Amino acid sequence: PFKIVPPEAVYYEEPLRQDSNPFKHVVKPSSRARGLASDTGLLSGMQQATAGKDLSIRLHSLDVYGNLHTRHDPATFVRISAQPADVAPTQWQGDTLTALRYRVSPLHSGDWDVELTPEGPAPNVHNLTFELMSAEGEMGSLTPVASRTLQMNLSTGKPHHFHSGLLCMPPAPWRTGTQVDCVVVPRDVEGNEVANVKNLSLYA
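Residues numbered from 1 in each chain as written. Predicted model: local features only at pLDDT ≥ 70, side-chain atom pairs only at ≥ 80, totals over all residues. Heavy atoms only, no water.

## Comments concerning the pairing of strand E8 (residues 111-120)
Put simply, the rule is: Per-residue accessibility, obtained with a 1.4 Å probe over protein chains only, is compared with the maximum for each type, and a residue is labelled buried under 20%, exposed over 50%, and partly exposed between these values. Segments assigned H or I by DSSP are reported as helices when at least four residues long, segments assigned E as strands when at least two residues long, and all are numbered from the N terminus. Following DSSP output, two strands are said to pair if at least two bridges run between them.
Along E8, eight of the ten residues are buried, which leaves the element largely enclosed by surrounding structure. Sheet analysis places strand E5 (residues 55-62) next to E8, joined by six bridges and oriented antiparallel. Note on E8: the bridge partner recorded for Arg58 is Asp113.

Next up, the structure:
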């Protein structure tokens, strides 16, 4: 007799065909998302990024057996957290990614489009962790079911006139004819200090 195989008992997707059978049998993935992946290799290497510049990432949902999802699981969403990368102290400055603007859009196919804008501090190496959260717990409580981490090497952007500054000694006000030594401190659009500080001598 024919038996129905529950999706929990299947861990791969494969068309099953017989030469004398005109029907095609396809094993579908489990309906619940339990993993994240990326076909561009972003989650397995260092990603270069610039402060203030948008970065796009596409993530894929997987079931508990690692099969690629073809439909969105409405009980899940993705959140992002940041922390310092575990690298040698000489390779990074600062503490953590203090500011990160991002938006995660679920797609009908089960994928996730992530648009993020890292702000700083830069230059720095950061870890971005993508957590897959599920609302299947008791009373709709959120539970992390999977996480993947991307290492990001964040560099400063170009100097921005609005955020750059001028430091002078002696401080103002100045008497006419006084020589004033100033330092131009260039900063990018997110306020990160850019290299190549310039010294100036001015006369009031």
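Right, picking up where we left off after that structure.
## Considering the pattern of salt bridges
Where we set the bar: Note on definitions: salt bridges are taken to be side-chain nitrogens of Lys or Arg within 4 Å of carboxyl oxygens of Asp or Glu.
A complete count under the given rule lists five salt bridges for this structure. Salt-bridge contacts for Asp113 lead to Arg58; the nearest nitrogen and oxygen are separated by 2.8 Å. Placement of Asp113 in strand E8 and of Arg58 in strand E5 is noted, with a sequence separation of 55 residues between them. A residue is classified by how much of its surface remains accessible, and Arg58, at 40% relative accessible area, is partly exposed. Between Arg101 and Glu190 there is a salt bridge, with its nearest N and O atoms 3.6 Å apart.

## Structural notes on the confidence of the model for the protein chain
For clarity, the threshold we go by: What pLDDT reports is the predictor's confidence in each residue, on a scale of 0 through 100. Residue contacts are counted whenever heavy atoms from the two residues lie within 4.5 Å of one another.
In this model, the protein chain carries a mean pLDDT of 80, and residues with pLDDT of at least 70 account for 75%. Strand E1 (residues 15-18) is the least confidently modelled element of the protein chain, averaging 60 in pLDDT, while strand E3 (residues 35-37) averages 91, the highest of any element. A low-confidence stretch, residues 87-95 stays under pLDDT 50, and its non-local contacts, those more than four residues away or across chains, total 14 contacts.

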